[in-house]
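Structural features, examined
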Amino acid sequence: MNENVQIIPLTNDVIEQAAHPWQDRWEEQLGRLRWHLSTPYATALMAEIFGDVIGVACGFVQGNHGRITVLGFLDEADAEVRARLTNAILQALTDQGCTSIELVSAPADVAKWEGFGFTAHEEVLRYTGGKFLQATRDEVVHHEPEHRLGILHLDRKACGYDRSALIMEHIYLCVVYIEGTLVRGYSLSLLGEGLIIADAPDVGLELQRWHFPIQEHVLLPAGNEAHEHLTKQEYTSTVEGVRMVRGVAPECRMEMCFAWEWGAV
């Protein structure tokens, strides 16, 4: 065991160094690390040796469900350090009351995560390069306070647990699909890589038309009914990863998800 390596909370004074494992998207990851440090329900840990950050792990908790959103290492981190930091973020989320923990694994890492007690569920696909249609329906409006209970109810129905704090933190840029007084869908294009929840494919597809001017891609669970439309619009799909859950999996209705907000860790 390398006794010089410490697993400790990430701090702002080394946050730029902590983003180094993602040289191709350094600024994006830096922003994500800052969010975890400033969010009360999030956790950010690092593996540190002699003042240098060689690994970082982040996640957050909503109710009794946890999510790992960041895990990265420099080449200096050996297998022991990687295992120690991974176990540390799992323990930190468990200690906060999580009975289940979720993540999106890179395809090559599925066996590794199974070794930490995770079970594979559906693939998550990344769609890029197509030509989106312009939004046309008057039912899509910028959210108002009276829509919030409907948004949270729809979200709980789709994901199987309460993540009100996460949604409310990002709701200022939300658009909703309203039919009478009923919230049938909502979009948060700046939450992670974009989140869309809808109760029917036509609603989800219309909300995607609000998503694409802000995000150049969309993540979707495999089998989503948007696949045919996106393929017709010349979007190319690649496997981003596999959704995996450790513990009691929430009763998700993945057919309601028309944009998945977190890519592979």
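Just above, that's the structure.
Everything in this summary refers to the structure shown in the same document. This one's a predicted model, so the numbers in the text were calculated from it and none came from an experiment.

A look at unusual backbone geometry
Of note, Phe50 is a non-glycine position whose phi angle comes to about 50°, a positive value. Examined against the element boundaries, Phe50 turns out to sit in the loop between β2 (42–49) and β3 (52–62). Classification of Phe50 by relative accessible area gives exposed; the value is 65%. Positive phi, close to 75°, is recorded for Glu234, a residue that is not glycine. In this structure, Glu234 sits in the loop between α8 (227–232) and β12 (236–247).

Some words on the packing of aromatic side chains
As enumerated under the stated definition, the model contains nine aromatic pairs in all. When the ring of Phe212 is compared with that of Tyr235, the centres are 4.8 Å apart and the planes differ by 25°; the resulting orientation is stacked. With a gap of 23 residues between them, Phe212 in the loop between α7 (201–211) and β11 (217–221) and Tyr235 in the loop between α8 and β12 connect regions that are remote in the sequence. We note that Phe212, like Tyr235, is buried.

Here's the deal with the nonpolar core
Counting residues in hydrophobic clusters, the biggest one holds 29 residues, and the most contacted among them are Ile151, Tyr186 and Ile197. Elements with a minimum of two residues in this core: α5 (148–159), α6 (164–169), β8 (175–179), β9 (182–188) and β10 (195–198). Here this core takes four residues from α5, the largest share from any one element. Residues within four places of Ile197 in sequence aside, it is in contact with Leu154, Asp155, Ala158, Arg163, Arg184, Gly185, Tyr186, Leu207, Met256 and Cys257. Formed by 28 residues, the second largest nonpolar core is a distinct cluster that contains Ile89, Leu90, Leu93 and Phe118.

Some details on α5
With twelve residues, α5 should cover 16 Å at 1.5 Å per step; its first-to-last C-alpha distance of 16 Å lies within 8% of that length. If you check which residues of α5 are buried, you get Ile151, Leu152, Leu154, Asp155, Ala158 and Cys159. End-on view of α5: buried residues confined to an arc of 165°, all on one side of the axis. Turning to α5, the residues buried within the fold contact α6, β8, β9 and β10. Gly160 sits one or two residues past α5 and shows a positive phi near 85°.

Some words on the state of the cysteines
Cysteine pairs can be linked by a disulfide, which is a covalent bond between their two sulfur atoms. Summed over the entire model, instances satisfying the criterion amount to zero disulfides. You can see Cys98 has no disulfide; the closest cysteine sulfur is in Cys159, sitting 13 Å from it. Taking the relative accessible area as the measure of exposure, Cys98 reaches 9% and is therefore buried. We note that Cys174 lacks a disulfide partner, and the nearest cysteine sulfur, in Cys257, lies 14 Å from it.

A short note on the pairing of strand β5 (residues 100–105)
Most of β5 is tucked away, with six of its six residues classed as buried. Burial of the side chains of β5 extends over both faces: Ser100, Glu102 and Val104 are buried on one face and Ile101, Leu103 and Ser105 on the other. Pairing between strand β4 (residues 65–73) and β5: three bridges, direction parallel. Within β5, the residue paired with Gly66 across the bridge is Ile101. Read from β4 through helix α3 (residues 79–95) to β5, the crossover connection turns out right-handed. Sheet topology places β5 next to β12; six bridges connect them, and they run antiparallel. In the sheet register, Val104 faces β12, and the bridge partner there is Arg243.

What counts, and at which threshold
Residues numbered from 1 in each chain as written. Predicted model: local features only at pLDDT ≥ 70, side-chain atom pairs only at ≥ 80, totals over all residues. Heavy atoms only, no water. Helix = DSSP H or I, 4+ residues; strand = E, 2+ residues; numbered from the N terminus. Buried < 20%, exposed > 50% of the residue type's maximum accessible area, 1.4 Å probe, protein only. Phe/Tyr/Trp six-rings, centres within 6.5 Å; stacked < 30°, edge-to-face > 60°. Core = buried A, V, L, I, M, F, W, Y, C linked by side-chain atoms within 4.5 Å. Contact = heavy atoms within 4.5 Å. Expected span 1.5 Å × (residues − 1). Arc of directions from axis to C-beta. Disulfide = S-S within 2.5 Å. Pairing = 2+ DSSP bridges. Right-handed = clockwise from strand over helix to strand, strands pointing away.

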